[in-house]
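Each chain, letter by letter, is given below.
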Amino acid sequence: EAKASGGNSFRFFDKDMLDIVNTRAALEADMRHGLQQEQFVLYYQPQVNSAGVVTGAEALVRWQHPQKGLVPPSDFIPLAEESGLILSLGAWILDTACAKLAEWQSSEDTKNRTLAVNVSARQFRQNDFVAQVLDNIARHHIDASKLKLELTESLLVDNVEATIDKMNQLKTRGVGFSLDDFGTGYSSLSYLKRLPLDQLKIDQSFVRDILSNNNDAVITRTIIALGQSLGLAVIAEGVETIGQRDFLQQQGCLSYQGYLYGKPSADLR
Ligand code: C2E
Ligand code: MG
Ligand code: MG
Ligand code: MG
C-alpha cells in the first residue's frame, strides 16, 4: 500500500510509477506474443572493403509490429535484456542469421560473405551459449569462419576468465569476434590484449564528426593504430560520406559500414 500521508504529490508520483510498470509489463507481454507470432525480422547492412566490394553484412533486428509498424531495436532490446526475453529473441536471431549464412554459402557470388551478429551480455553469459552457437553451425551446415559475433566492452570486462574461455571454445571452431562500439565503453588496454578478438569496430559517434572535430579524428586514428599493433582488423560504422571514408582509408581503416554503402535492409542479396 502506497504512502497515504504523502499528499497529492505522492499520489501522482505513485500513479506515474504504476503507469511505467504497466507500460513495461504490456510491452513485455506484447514482445512475448510477437516472438510467438514471428513478428521479428532481421535486416542486413552491407560491410565493404576499400575497393567498395561487399564482403559481408551485419544482422540488425527489427520488430514488424502489426499496429506500431517497424520498431527499431533501441525501443525493445533494453527491455528484452532486463526481462530475460533476450534469451529466446537472441536464439531466434542466431538461428535466422545462420540460415541466411547458409543461403549465402550455397551461391557462388555470395559464398565468401561474413555475417556479424550482435550478442547481448545476458545471452553470452548463458551456460550453454557455446553449445547453442555450435548447434546452429552444425544444423545449418555453415562455414563457421564466416560467422562473426559482435560483443561490447561492458560484456568483456565482466568475468574476464570465463569470457576468454567461451571465446576460445568458439574461436577454435573458426568463429570470429568483433568488439562493437569500440571506444564508448571502459575496457582497459590490458584486457584488450588478452581477449581473442579479430576485429575492432569504431563506434559511429567518432566517425560522425571525424572531419570537423579534431578530438574524434585523434581518437579514430588511435583506435586504428591500436588495432594494427594488436594485429586486429578495424571496421568503421556509421560511414555516411566519401570524405569520412577517405579519411578512414588514409589512416589505415580498410573496412566500412554505413549509409554511404547501404542502409540495413531485409533483402540484401
Ligand atoms: P550497433 O550494433 O552498433 O549497430 C549499428 C547501428 O547503426 C544500427 O542501428 C544501424 O542501423 C545504424 N547505422 C548504420 N549505418 C549508419 C549510418 O551511416 N549512420 C547512422 N546514423 N546510423 C547508422 P540499429 O539497427 O537501430 O541498431 C541499434 C543497436 O541495437 C545496435 O547497435 C545494437 O546494439 C542493437 N541491436 C541491433 N540488432 C541487434 C540484435 O540482433 N541483437 C542484439 N543483442 N542487439 C541488437
Ligand atoms: Mg553491432
Ligand atoms: Mg556498433
Ligand atoms: Mg554503435
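Note that the coordinates shown come from a computational prediction; the quantities given were computed from them, not determined experimentally.

## Details of the environment of Gln123
Relative to the helices and strands, Gln123 is located in helix α4 (residues 121–124). By relative accessible area, Gln123 is classed as buried at 4%. With 36 residues separating them along the chain, Gln123 and Leu87 place their C-alpha atoms 5.6 Å apart. Contact partners of Gln123, with chain neighbours within four places excluded, come to Leu87, Gly90, Ala91, Asn118 and Phe129.

## So, the pairing of strand β1 (residues 40–49)
Burial analysis of β1 places 8 of its 10 residues in the buried class, the great majority of the element. Examined bridge by bridge, β1 and strand β2 (residues 54–65) share 9 bridges and lie antiparallel to one another. Pairing of Phe40 across the sheet is with Trp63, part of β2. If you look at the hairpin formed by β1 and β2, you'll find 4 residues sitting between the two strands, and Gly52 has a positive phi there, around 80°. Of the strand pairs in this sheet, β1 and strand β9 (residues 255–256) are connected by 2 bridges, and their pairing is antiparallel. Note on β9: the bridge partner recorded for Val48 is Tyr256.

## Observations concerning the coordination of the magnesium ion (ligand 4)
Here the magnesium ion (ligand 4) is held by the protein donor atoms Asp181 (OD) and Glu237 (OE), which lie 2.2 to 2.3 Å from it. A separation of 6.0 Å is found between the magnesium ion (ligand 4) and the magnesium ion (ligand 2). Here the residue Asp181 occupies a position in strand β6 (residues 176–182), and Glu237 occupies one in the loop between β8 (233–236) and α11 (242–250), the gap between them amounting to 56 residues. The class of Glu237 is buried, set by a relative accessible area of 8%.

## Quick word on the coordination of the magnesium ion (ligand 2)
Each angle at a metal carrying four tetrahedral donors should ideally be 109.5 degrees, and each at a metal carrying six octahedral donors should ideally be 90 or 180 degrees. Taken together, Glu58 (OE), Asn118 (OD1), Glu150 (OE) and Asp180 (OD) make up the protein donors of the magnesium ion (ligand 2), found 2.0 to 2.3 Å from the metal. Expressed as a motif, the donor residue spacing for the magnesium ion (ligand 2) is E-x59-N-x31-E-x29-D. The magnesium ion (ligand 3) is placed at 3.6 Å from the magnesium ion (ligand 2), the two being bridged by Asp180. Taken together, the residues Glu150 in strand β5 (residues 147–152) and Asp180 in strand β6 connect sequence positions 30 residues apart. The class of Glu150 is buried, set by a relative accessible area of 1%.

## A few points about the site of ligand 1
Around ligand 1, the surrounding shell holds 21 residues, and the nearest of these are Arg62, Asp180, Gln204, Glu240 and Tyr259. In this structure, Glu237 approaches ligand 1 through a side-chain N or O atom, which is 3.2 Å from an oxygen atom. Within the contact set of ligand 1, an oxygen atom lies 2.8 Å away from a backbone nitrogen or oxygen of Tyr259. A total of 800 Å² of accessible area belongs to ligand 1 in isolation, and the protein chains cover 81% of it. At the level of secondary structure, the elements contributing two or more residues to the shell around ligand 1 comprise β2 and β6. Among the elements that take part in the shell around ligand 1, β2 stands out by supplying 4 residues, more than any other. Its residues assigned to classes, the shell around ligand 1 comprises 8 nonpolar, 6 polar and 7 charged.

Reading the values: the criteria
Residues numbered from 1 in each chain as written. Chains lettered and ligands numbered in written order. Predicted model: local features only at pLDDT ≥ 70, side-chain atom pairs only at ≥ 80, totals over all residues. Heavy atoms only, no water. Helix = DSSP H or I, 4+ residues; strand = E, 2+ residues; numbered from the N terminus. Buried < 20%, exposed > 50% of the residue type's maximum accessible area, 1.4 Å probe, protein only. Contact = heavy atoms within 4.5 Å. Pairing = 2+ DSSP bridges. Donors = N, O, S within 2.8 Å, 3.2 Å for Na, K, Ca; no water. Near = heavy atom within 4 Å. Polar contact = N/O pair within 3.5 Å; in protein donor to acceptor, adjacent residues only side chain to side chain. Areas by Shrake-Rupley, 256 points an atom, 1.4 Å probe, with all protein chains shown as cover. Nonpolar A, V, L, I, M, F, W, Y, C, P; charged D, E, K, R; others polar.

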